[in-house]
Each structure stands twice: as C-alpha cells, then as structure tokens.
Number of protein chains: 2
Amino acid sequence: MERTSRQRSLILEIVRNSRNHPTAEAVYAEARKLMPNISLGTVYRNLRQLTTAGSIRAVSFGSEPDRFDGMLDAHEHFVCLTCGTVYDIQPTLGHPHLPGKTVTNYRLDYFGSCEACTNK
Amino acid sequence: MERTSRQRSLILEIVRNSRNHPTAEAVYAEARKLMPNISLGTVYRNLRQLTTAGSIRAVSFGSEPDRFDGMLDAHEHFVCLTCGTVYDIQPTLGHPHLPGKTVTNYRLDYFGSCEACTNK
DNA sequence: CTTATTGCAAAGGCTTTGCAGGATT
DNA sequence: AATCCTGCAAAGCCTTTGCAATAAG
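Just so it is clear, the model here is predicted, and its values are computed rather than measured.

Colleague: Can you help me understand the interface of chain B and chain A in this one?
Modeller: It is common to report an interface's size as the accessible area lost on association of the parts. Contact residues are listed per partner, giving 29 residues for chain B and 29 residues for chain A. Counting the surface lost from both chain B and chain A, the interface buries some 2,200 Å², and carbon and sulfur atoms represent 61% of this. At the junction of chain B and chain A, the tally comes to zero salt bridges. Applying the counting rule to chain B against chain A returns 14 residue pairs in polar contact (both at pLDDT 80 or more).

Colleague: I would appreciate a short explanation of the protein's contact with DNA strand C in the present structure.
Modeller: Taken together, 21 residues are adjacent to DNA strand C, and Y44 and R48 of chain A together with R3, R8 and T42 of chain B come closest. When atoms of DNA strand C within 4 Å of the protein are split into backbone and base, the sugar-phosphate part holds 73%. In the environment of DNA strand C, a phosphate oxygen lies 3.1 Å from a nitrogen or oxygen atom belonging to the side chain of T4 of chain A. With respect to DNA strand C, the side chain of N46 of chain B contributes an N or O atom lying 3.1 Å from a phosphate oxygen. For the surface near DNA strand C, the secondary-structure elements that each account for two or more residues are α3 (40-53) of chain A together with α1 (6-16) and α3 (40-53) of chain B. Here the element with the most residues in the surface near DNA strand C is α3 of chain A; it accounts for four residues. Here the surface near DNA strand C is built from residues that sort into four nonpolar, eight polar and nine charged.

Colleague: Explanation requested: the relation of the copies chain B and chain A in the structure shown.
Modeller: Copies of the same chain, two in number, are related to each other by a rotation about an axis and a translation along it. Once chain B has been moved 0.0 Å along the axis and rotated by 180°, it coincides with chain A to within an RMSD of 0.0 Å. The symmetry that links the two subunits is that of a two-fold axis. Across chain B, the smallest distance between a C-alpha and the rotation axis is recorded for L108 of chain B, namely 2.3 Å.

Colleague: How do you make sense of the packing of aromatic side chains when you look at a structure like this?
Modeller: Given two aromatic rings, one states the distance between the centres and the angle between the planes to describe the pair. One pass over the structure, following the stated rule, counts two aromatic pairs over all chains. Taken together, a centroid distance of 6.1 Å and an interplanar angle of 50° make the contact between F78 of chain A and Y87 of chain A tilted. Judged by relative accessible area, which is 0%, F78 of chain A ranks as buried. Note that K101 of chain A overlies the ring of F78 of chain B, its terminal NZ or CZ placed 5.6 Å from the centroid. Here R107 of chain B stacks its cationic end above the ring of F61 of chain B, 5.0 Å away from the centre of that ring.

Colleague: So what exactly am I meant to see when it comes to the sheet that holds strand β3 (residues 76-80) of chain B here?
Modeller: Taken together, six strands build an open sheet; the order of strands is β4(A)-β3(A)-β5(A)-β5(B)-β3(B)-β4(B) and the sheet is mixed. At either end of the open sheet lies a strand with only one pairing partner, and these are β4 (86-89) of chain A together with β4 (86-89) of chain B. Taken pair by pair, the neighbouring strands of this sheet meet at an average axis angle of 25°, ignoring direction. Sheet topology places β3 of chain B next to strand β5 (residues 102-113) of chain B; four bridges connect them, and they run parallel. In the sheet register, H77 of chain B faces β5 of chain B, and the bridge partner there is D109 of chain B.

Quick notes on the rules
Residues numbered from 1 in each chain as written. Chains lettered and ligands numbered in written order. Predicted model: local features only at pLDDT ≥ 70, side-chain atom pairs only at ≥ 80, totals over all residues. Heavy atoms only, no water. Contact = heavy atoms within 4.5 Å. Buried area = accessible area lost by both parts, 1.4 Å probe. Salt bridge = Lys/Arg side-chain N within 4 Å of Asp/Glu carboxyl O. Polar contact = N/O pair within 3.5 Å; in protein donor to acceptor, adjacent residues only side chain to side chain. Near = heavy atom within 4 Å. Helix = DSSP H or I, 4+ residues; strand = E, 2+ residues; numbered from the N terminus. Nonpolar A, V, L, I, M, F, W, Y, C, P; charged D, E, K, R; others polar. Least-squares fit on C-alpha atoms with pLDDT ≥ 70 in both. Phe/Tyr/Trp six-rings, centres within 6.5 Å; stacked < 30°, edge-to-face > 60°. Buried < 20%, exposed > 50% of the residue type's maximum accessible area, 1.4 Å probe, protein only. Lys NZ or Arg CZ within 6 Å of the ring centre and 35° of its normal. Pairing = 2+ DSSP bridges. Axes fitted to C-alpha atoms, helices over the stretch in contact; angles between N-to-C directions.

Laid out in structure tokens, this is it:
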C-alpha cells in the first residue's frame, strides 16, 4: 500500500497552504526551498498520487498546465482574465438535474475581471 | 490577411458537422478520407486559426487532448463518465453575478452517466 | 506577382516512466 | 527484510514551428 515520505508530506502541505492553485512547476519551486534535492519527477508523481487518493484536486483551465487545489469542499472558480488569478467561489448552483441523465457532479468556472483589475 | 484554402474549409466543415467534439487527431483522420495528403500540422494550424477567428471553439476536459466544437451558440456540456460522450446542453444558468467581480462568461460542465449508459 | 498556406520533419512544453539505490514499515 | 519511494535521465504525448515549395487573391 501507500507509505508516507517526507517529500509527499511536504508537497501536500504546499498545495494545502497555497491560494494560487499552483502548477507542478510552482510546487516544485516551493518544495526546493525546503528540500533542495527534490526532483521534478517526484513532484509530478506525488501530485498525481495525492489526486488519485483524493487528498487534493487537479483543475485545468484551457490548455495551460494542470493546477492543483487543496480545497476539498465543493466550490467553484472565478478566473480573472487580466491578472490570471484563480479565486475560489462559494457554490452558486444547487444540486443539478438534467432530464434523462444522472448528474454526479459539475464544474463551474466564471471568467471576467476581478475587483482589483476592474479598478484600474 | 487571411486566405481561404481547401484544407481550411474542409477542417471547418468537419468540425461543424461533427457531434463528437473531436480532437485534432480525429479531425485529421476524417480529413484524410477526402484529402489523403493533408498533414497533421496543417490540421493543428487551422484548428488554432479557426479558434482565434471565432469560427469554432476549443474545449478541454481534464488533461485529455483538446477538443473542438463547431456549435457557437451559448451552451453547456454534459460528459458521460462511462462512455466518454460529450453532450451539448441548453443553458441552465442565467447571466451570472458575483459580488465585486465582473463576469463576462462562464463555463459549466456536468459529469455523470447518460441515459444509454444508465440503462445497462 | 505577392504572400498566406502547405507538407514535412524537427523541436518544444508538460508529464510520465524505467532503473538502481535509498527510505519506510 | 520487504517493498515503496526517490532522483535522475530518457522517453512519451500533444502541439507548435522553421523551411522551401505551392497556391490563393
């Protein structure tokens, strides 16, 4: 089964404490500050493993590199098209129903301009 | 400026007539039936060009290869997690408002099981 | 004629993987 | 002791790009 490792714990902590929805590369950069020998492959392996295990979530917007999210409660995203920040949003949609289909979950992303960028 | 070419018109037609939200590879396979010498690079170039021009749209689910969509009216998607089919859905969400943010558009994907797959 | 577009192949970005050594239970 | 995990480097997948030749306006 699964074993814990210093690397895996560190990666999990980084994703959890991050509000940036970081990419693998960003997690790697952060991890190297505390563990300079950690390899990029290990970061990818663990992000994948943690995602499969359900400890974090993978989100991707358009065709940019995958981002990771330590926030597990149901939530939506708002992407500012000016500064690129991804904000977590409280669920605005109830439990969805579609005729003839069984909906188990959904994903809702809003796009636009955030407060800071609008006031410029 | 832009010039039309037999390749570009064919690619546009394929995406428009397709209900599968095809990948570049799928468009390429289809295009080769009518134009056996067309190259994959040309398919990618034109899909990108048509997307930028607003003639088609790029959609991507998770980290699979990009898919393309010739349906330009506002709509949402339902992805069947069993058979992988992507269905177009009439908009269920009105014009969204979020406090402090300017929302210009949104993307809503439902996930679950389609009618055919549920009845198995 | 001018220059956007093509086919081809090579290169690029992001991610996964094989391996031998090291770490965890 | 058994085996999961790591670092490293090579490979993989999807996509883009440089080039000389071709085709569109």
